[in-house]
Amino acid sequence: MEHEHPDSVRAGRRRRVLITGAGGQLGRALGQAFAADDVVALSRTEWDVSLPAPDKVSRGGFDLVLHTAAWTDVDRAEADPQGAAAVNIAGTANAAALGAPLVTFSTDYVFDGRKRKPYVESDGANPLSAYGRTKLHGEAAAGADAWIVRTSWLFGPTGHNFVRTMLRLGVERDEVAVVDDQRGCPTYARHLAIAVRALVDTDRPRGVWHVAAGGDCTWADFAEAIFAEAGLGCRVRRVTSEELGRPAPRPEYAVVRSERPGAPVLPHWHAGLRACLAELVSPGSR
Ligand SMILES: NC(=O)c1ccc[n+]([C@@H]2O[C@H](COP(=O)([O-])OP(=O)(O)OC[C@H]3O[C@@H](n4cnc5c(N)ncnc54)[C@H](OP(=O)(O)O)[C@@H]3O)[C@@H](O)[C@H]2O)c1
């Protein structure tokens, strides 16, 4: 298949790529996936995206912006929706204002979960939580010319995520209570990062793309798989979301799939889990 090449490739120089939120789990994975490029990876201290870009960023001459910086604390967004909006909406507008081709990231939590069949790109959004609403408005702030990658239940070897939490609790406790009435696609950040690179490198059309791991499960299923793979004897007590009583409502069914031709296909979540655990055992080996 013929693809348009960016100016940087035609000019014979390495593509200049900006990653925002570079300290986060997806930001780190993208740094690895785009390692052949000329990557500038900025953490929050270097650019707080809720503010306009500093001069050195706005004049950076980027060929591509991978915008992962986000307010991702779903529960805390209920108490501070304006704080979440400043990052997820204004921050995305600030990234789009750089004027370079933009990839921004969104979430299965833009859906209300009532469909009970996988959500595809043409399904209507109806977020249940403040976080989901800010992410949906953030999609609009990215503009019509961005790649908007909606993913699900991200995990990786660093940062705050369910796998790392379960590994810690699995050592400390004999039993953990985990919700069994929310279903999604636990997605390994590195698998997503590789898929994002494919999306960009093959110059897929802009717009919304659903990119999440193959298979689906509940959080309780996922916890059991984590304990089994890690050889931990901790039991999972299956509970309802109501019993757990978290501040933010979450969709009961948050499985996302793509209906678009040429969409990247990710490995099954179980393969992602194994790869993540291997990475935790011997960092940098993969
Ligand atoms: N995690 C999930 O389950 C999930 C699911 C679906 C979609 N997504 C989306 O995927 C993307 C990446 O998520 P992730 O899991 O990699 O999140 P993450 O690990 O929480 O990383 C987000 C990064 O953004 C940074 N950040 C927060 N506020 C900022 C600001 N004002 N300016 C600059 N940087 C800021 C954070 O820095 P600090 O560490 O200093 O706060 C952190 O390094 C996000 O768009 C998220 O909404 C995530």
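Residues numbered from 1 in each chain as written. Predicted model: local features only at pLDDT ≥ 70, side-chain atom pairs only at ≥ 80, totals over all residues. Heavy atoms only, no water.

> Quick question: what am I supposed to make of the packing of helix α9 (residues 219-230) against helix α11 (residues 269-281) here?
In a pair of packed helices, the angle between the axes and the distance between the axes together describe the arrangement. Axis separation between α9 and α11 bottoms out at 11 Å; the angle between their running directions is 45°. The pairing of α9 with α11 is recorded here as oblique in orientation. Here α9 and α11 pass one another in a crossing that is right-handed. For the pair α9 and α11, contact is made by F222, A225, I226, E229 and A230 and by W269, H270, L273, R274 and L277, respectively. Of the residues assigned to the contact of α9 with α11, the class counts are 7 nonpolar, 1 polar and 2 charged. (Axes fitted to C-alpha atoms, helices over the stretch in contact; angles between N-to-C directions. Helix = DSSP H or I, 4+ residues; strand = E, 2+ residues; numbered from the N terminus. Parallel < 35°, antiparallel > 145°, perpendicular 65-115°, else oblique. Left-handed = near helix turned anticlockwise from the far one by under 90°. Contact = heavy atoms within 4.5 Å. Nonpolar A, V, L, I, M, F, W, Y, C, P; charged D, E, K, R; others polar.)

> Quick question: what am I supposed to make of the pairing of strand β1 (residues 16-20) here?
Regular strands have side chains that alternate between both faces of the sheet. Among the 5 residues that make up β1, 4 are buried, leaving the element largely enclosed by the rest of the structure. Two strands pair when backbone bridges link them, and β1 and strand β2 (residues 38-42) are joined in this way by 5 bridges, in the parallel orientation. Bridge pairing in β2 links T20 to L42. In this view, the connection linking β1 to its parallel neighbour β2 by way of helix α2 (residues 25-33) has right-handed handedness. Sheet analysis places β1 next to strand β3 (residues 64-67), joined by 4 bridges and oriented parallel. By the bridge assignment for β3, T20 is matched with H67. (Buried < 20%, exposed > 50% of the residue type's maximum accessible area, 1.4 Å probe, protein only. Pairing = 2+ DSSP bridges. Right-handed = clockwise from strand over helix to strand, strands pointing away.)

> Would you take a moment to explain the packing of aromatic side chains for this structure?
We describe a pair of aromatic rings using the distance from one ring centre to the other and the angle between the two ring planes. Evaluation of the coordinates by the stated rule reveals 8 aromatic pairs. Ring geometry for F162 against W219: centres 4.7 Å apart, planes inclined by 45°, an arrangement best described as tilted. With F162 in helix α7 (residues 162-172) and W219 in helix α9, this pair connects stretches of sequence that are 57 residues apart. Both residues of the pair, F162 and W219, count as buried. An angle of 85° between the planes, with centres 5.5 Å apart, marks the rings of F222 and W269 as edge-to-face. Taken as a pair, F222 in helix α9 and W269 in helix α11 lie far apart in primary sequence, 47 residues in all. The class of W269 is buried, set by a relative accessible area of 7%. Cluster of aromatic residues (ring-pair linked, three or more members): W153, F155, F162, Y188, W219, F222 and W269. Across the ring face of Y119, the terminal group of K115 is positioned such that the distance to the ring centre comes to 5.6 Å. Taking the ring centre of F34 as reference, the NZ or CZ of R197 above it sits at 5.5 Å. (Phe/Tyr/Trp six-rings, centres within 6.5 Å; stacked < 30°, edge-to-face > 60°. Lys NZ or Arg CZ within 6 Å of the ring centre and 35° of its normal.)

> Help me understand the environment of N126, please; the structure alone is not making it clear to me.
By the secondary structure assignment, N126 is in the loop between β4 (102-107) and α6 (130-142). With 23 residues separating them along the chain, N126 and V103 place their C-alpha atoms 22 Å apart.

> Quick question: what am I supposed to make of the state of the cysteines here?
Covalent bonding between the sulfur atoms of two cysteines defines a disulfide. Going through the model one piece at a time under the given rule, you end up with 0 disulfides. Free cysteine: C234, not disulfide-bonded; nearest cysteine sulfur from C217 at 17 Å. Assessed through its relative accessible area of 10%, C234 is described here as buried. (Disulfide = S-S within 2.5 Å.)

These figures capture arrangement, not role.
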